[in-house]
Amino acid sequence: SWRAAKYLLGDELDGAYYYGRFEDSKLRERTVRKVRLVACAGGAMARKLKGAGWDRLIRHPWIQTLEYCPFKVACQGLFQSLGIEPVTVMSTDSEDALKEMVFNGKGIAYLREDVAKELKEEAGGEIFDVQPVDLPLSFGVAASRLNDPLVEALQEAMDSIWSG
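Reading guide: rules and limits
Residues numbered from 1 in each chain as written. Predicted model: local features only at pLDDT ≥ 70, side-chain atom pairs only at ≥ 80, totals over all residues. Heavy atoms only, no water. Phe/Tyr/Trp six-rings, centres within 6.5 Å; stacked < 30°, edge-to-face > 60°. Buried < 20%, exposed > 50% of the residue type's maximum accessible area, 1.4 Å probe, protein only. Lys NZ or Arg CZ within 6 Å of the ring centre and 35° of its normal. Helix = DSSP H or I, 4+ residues; strand = E, 2+ residues; numbered from the N terminus. Expected span 1.5 Å × (residues − 1). Contact = heavy atoms within 4.5 Å. Polar contact = N/O pair within 3.5 Å; in protein donor to acceptor, adjacent residues only side chain to side chain. Core = buried A, V, L, I, M, F, W, Y, C linked by side-chain atoms within 4.5 Å. Salt bridge = Lys/Arg side-chain N within 4 Å of Asp/Glu carboxyl O.

**Here's the deal with the packing of aromatic side chains**
Point 1. Using the criterion set out here, one finds nine aromatic pairs in the structure.
Point 2. A ring pair is formed by Trp54 and Trp62, whose centres lie 6.0 Å apart and whose planes are at 20 degrees; its orientation type is stacked.
Point 3. Judged by relative accessible area, Trp54 falls into the buried class, the value being 15%.
Point 4. With a relative accessible area of 1%, Trp62 lands in the buried category.
Point 5. Grouping aromatic residues by their ring pairs yields a cluster made of Trp54, Trp62, Phe79 and Tyr110.
Point 6. The ring centre of Phe103 lies 5.4 Å from the NZ or CZ of Lys99, which sits over that ring.

Here it is in structure tokens:
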């Protein structure tokens, strides 16, 4: 996600999906849907913290994404608004690695809601009843290429895919 603007503006990509928004005037972005992130844990951590709220969750290990990741940016905004700072024991730049660490009970993390539900159903994970984080799934193109036939075709395809 975080590299999408660079690739779009460098003409390495015609269009790209990414989490979050860049709010850059050189891009034309549209939100195609909202993605909900929820706090969850797996394995022994899930059993230990069943039904926990922030008062307990904040004292246990968290796994987060790296500073430039839209997940981290969105979650940091929530943590700051609540006046809390989780104890981060591991960081990763891979959503798959984050998922595996949580599924294996290594810590608490905000995961996409669909992934968290999979964790709960398949591995007995726990989705905590604390504030979720909503993040846009965006599609962007370089503003300088809006009249490019290929980009116009992409935009038309986007309209047909996401309009209904």
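**Considerations on helix H7 (residues 149-162)**
Because an α-helix packs 3.6 residues into every turn, residues spaced three or four apart end up facing the same way.
Point 1. A rise of 1.5 Å per residue sets the reference length of H7, with its 14 residues, at 20 Å; its end C-alpha atoms lie 20 Å apart and thus fit the reference within 8%.
Point 2. Taken together, the buried residues of H7 touch strand E1 (16-19), strand E2 (27-41) and strand E7 (133-142).
Point 3. Here H7 starts with a cap whose side-chain oxygen sits 2.8 Å from the backbone nitrogen of Leu150, and that cap is Asp148.

**A look at helix H5 (residues 95-103)**
Point 1. Within H5, the full set of buried residues consists of Leu98, Lys99, Met101, Val102 and Phe103.
Point 2. Next to the buried residues of H5 lie E2, helix H2 (43-48), strand E3 (61-65), strand E4 (87-92), strand E5 (109-112) and helix H6 (113-123).
Point 3. Structurally, the start of H5 carries an N-cap: the backbone nitrogen of Asp96 is 3.3 Å from a side-chain oxygen of Ser94.
Point 4. Looking one or two places after H5, you find Gly105, whose phi comes out positive at around 75 degrees.

**Some details on the nonpolar core**
Point 1. Among the nonpolar cores identified, the biggest contains 30 residues, and Leu37, Trp54, Leu57, Trp62, Ile108, Tyr110 and Phe128 are the most heavily contacted of them.
Point 2. Of all the elements in the fold, those that place two or more residues in this core are E2, H2, helix H3 (54-57), helix H4 (70-82), E7 and H7.
Point 3. Sequence-distant contacts of Ile108, that is, excluding residues within four places in its chain, are made with Cys40, Ala41, Met45, Leu49, Leu57, His60, Pro61, Trp62, Ile63 and Phe128.
Point 4. Within the second largest apolar cluster, 12 residues are counted, among which are Cys40, Phe103, Ala116 and Leu119.

**Brief notes about the side chain of His60**
Point 1. Topologically, His60 is positioned in the loop between H3 and E3.
Point 2. Take His60: its relative accessible area is 13%, and that puts it in the buried class.
Point 3. Here the side chain of His60 touches Arg56 through a polar contact of 2.8 Å, landing on its backbone oxygen.
Point 4. Here His60 is in contact with Met45, Lys48, Leu49, Val87 and Ile108, once residues within four sequence places are set aside.

**What about the pattern of salt bridges?**
Point 1. Applying the stated criterion to the full structure yields 12 salt bridges.
Point 2. Here Asp159 and Arg30 are joined by a salt bridge, their closest N and O atoms 2.7 Å apart. Here the residue Asp159 occupies a position in helix H7, and Arg30 occupies one in strand E2, the gap between them amounting to 129 residues.
Point 3. Residue classification places Asp159 among the partly exposed residues on the basis of a relative accessible area of 41%.
Point 4. For Asp114, the salt bridge is made with Arg112, and the minimal N-O distance between the two is 2.8 Å.
Point 5. Judged by relative accessible area, Asp114 falls into the partly exposed class, the value being 45%.
Point 6. By relative accessible area, Arg112 is classed as buried at 19%.
Point 7. Via salt bridges that share partners, Asp11, Asp14, Arg145 and Asp148 belong to a single interconnected network.

It is worth stressing that arrangement in space is one thing and function is another; only the former is reported here.
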